[in-house]
Amino acid sequence: MPTLETIERRVVACRKCPELRAYCAEIGRVKKRAFLDQDYWSRPVPGWGDPRARVVLVGLAPGAHGSNRTGRVFTGDGSGEWLYRALHRAGFASQPNASHRDDGLVLRDTFITAAVRCAPPANKPTPEQRANCAPYLRDEFAALRNVRVVVTLGKIADDAVHALAKEIGTYCGPRGPFAHLAETVVDLPGRAGVTLLASYHPSRQNTNTGVLTESMLDAVFSRARSLLGPSPAKEV
Ligand code: SF4
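What you see is a predicted model; the values in this text were computed from it and never measured.

*Asks:* When you look at the overall build of the chain in this model, what are you seeing that I'm missing?
*Replies:* Assigned secondary structure in the chain consists of eight helices and seven strands. Expected size for 236 residues packed as a compact globule is a radius of gyration near 18 Å; at 17 Å, the chain falls within 12% of this value. Oriented by its inertia axes, the alpha-carbon framework of the chain measures out at about 50 × 35 × 35 Å. Contacts in the chain between residues far apart in sequence, at least 24 positions, make up 67% of those at least 6 positions apart. Accessible surface, the chain as shown: approximately 10,700 Å² in total, 53% of it carbon and sulfur. Each charge class in the chain can be summarised by its mean position, and for the 32 positive and 23 negative side chains these summaries are 1 Å apart.

*Asks:* Before we go on, may I ask you to explain the pattern of salt bridges in this structure?
*Replies:* Two side chains carrying opposite charge are able to pair once their charged atoms lie near each other. Taken as a whole, this structure holds twelve salt bridges when the rule is applied. Of the charged contacts in the structure, one is a salt bridge between Arg29 and Glu26, with a shortest N-O distance of 2.8 Å. Taken as a pair, Arg29 and Glu26 lie in helix H2 (residues 18–30) at a separation of three residues, close to a single helical turn. Since its relative accessible area comes to 37%, Glu26 is described here as partly exposed. A cluster of three or more residues bridged by salt bridges with shared partners is formed by Arg85, Arg89, Glu214 and Asp218.

*Asks:* Even after reading the chapter, I still don't get helix H8 (residues 214–227), so can you show me in this structure?
*Replies:* For the α-helix, the turn length of 3.6 residues means that residues three or four positions removed from each other point alike. Taking 1.5 Å per residue as the helical rise, H8 with its 14 residues ought to reach 20 Å, and the 20 Å between its terminal C-alpha atoms agrees with that figure. Buried-residue contacts for H8 involve strand E2 (55–59), helix H4 (78–89), strand E4 (149–153) and strand E7 (191–199).

*Asks:* What should I look at first to understand the side chain of His201 in this one?
*Replies:* In this structure, His201 sits in the loop between E7 and helix H7 (204–207). Apart from the residues within four sequence positions on either side, His201 is in contact with Leu60, Phe74, Ser79, Leu153, Gly154, Asn206 and Leu212.

Cut-offs and rules
- Residues numbered from 1 in each chain as written.
- Predicted model: local features only at pLDDT ≥ 70, side-chain atom pairs only at ≥ 80, totals over all residues.
- Heavy atoms only, no water.
- Helix = DSSP H or I, 4+ residues; strand = E, 2+ residues; numbered from the N terminus.
- Rg over C-alpha atoms; globule rule 2.2 N^0.38 Å.
- Contact = heavy atoms within 4.5 Å.
- Areas by Shrake-Rupley, 256 points an atom, 1.4 Å probe, with all protein chains shown as cover.
- Lys, Arg positive; Asp, Glu negative; His and termini not counted.
- Charge placed at Lys NZ, Arg CZ, Asp CG, Glu CD.
- Salt bridge = Lys/Arg side-chain N within 4 Å of Asp/Glu carboxyl O.
- Buried < 20%, exposed > 50% of the residue type's maximum accessible area, 1.4 Å probe, protein only.
- Expected span 1.5 Å × (residues − 1).

It is worth stressing that arrangement in space is one thing and function is another; only the former is reported here.
Right, dumping it as structure tokens:
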């Protein structure tokens, strides 16, 4: 079973989707006016956080000028500002802001990753691109042995996690439709009773329109916190 470090190296070196690699490189070459003085990461963005995390967050994909620029998931754009503020309020992050890879932020009991590791045009990865990237999520879940709660940020992430759960786990009840705060419990190899907890994605499209408010996001991490017991998940 690969370690998180091995998975990170494989992700960063991945070229399975040539069209996405070309798109990310072009974004980094042209840049956004506000970031003209910066070198863009422009490579696949690996997951990051606490290797002993009991809470795993799964997002959609890097933002073109967010983590495709900074190289760290949800770092450097509006979605990340919302997410890390909420994680800090809930005690899962050491600070509320995430601006670059060396900003001192530490995740507590939390690991953040994504369904797709390269920024896709219009934030819409194709089914083939999603399938190409799925093995990295599977490997991360195998390496994260203490996971108890998986927070899925948006429908695409939710679908990716449920596809993985169907492949490697057993459902303890039916999966309902995607909805904010929807829960499904699954047994994963070596970990019984893992809760898949859905959240609307903290995209500007959702936060600027009130589809997702700060209190709604706080409710997700409050629920995640309440689902964590004092000890790691029992072995099955
Ligand atoms: S999206 Fe995933 S599979 Fe495709 S090139 Fe990027 S890291 Fe590789």
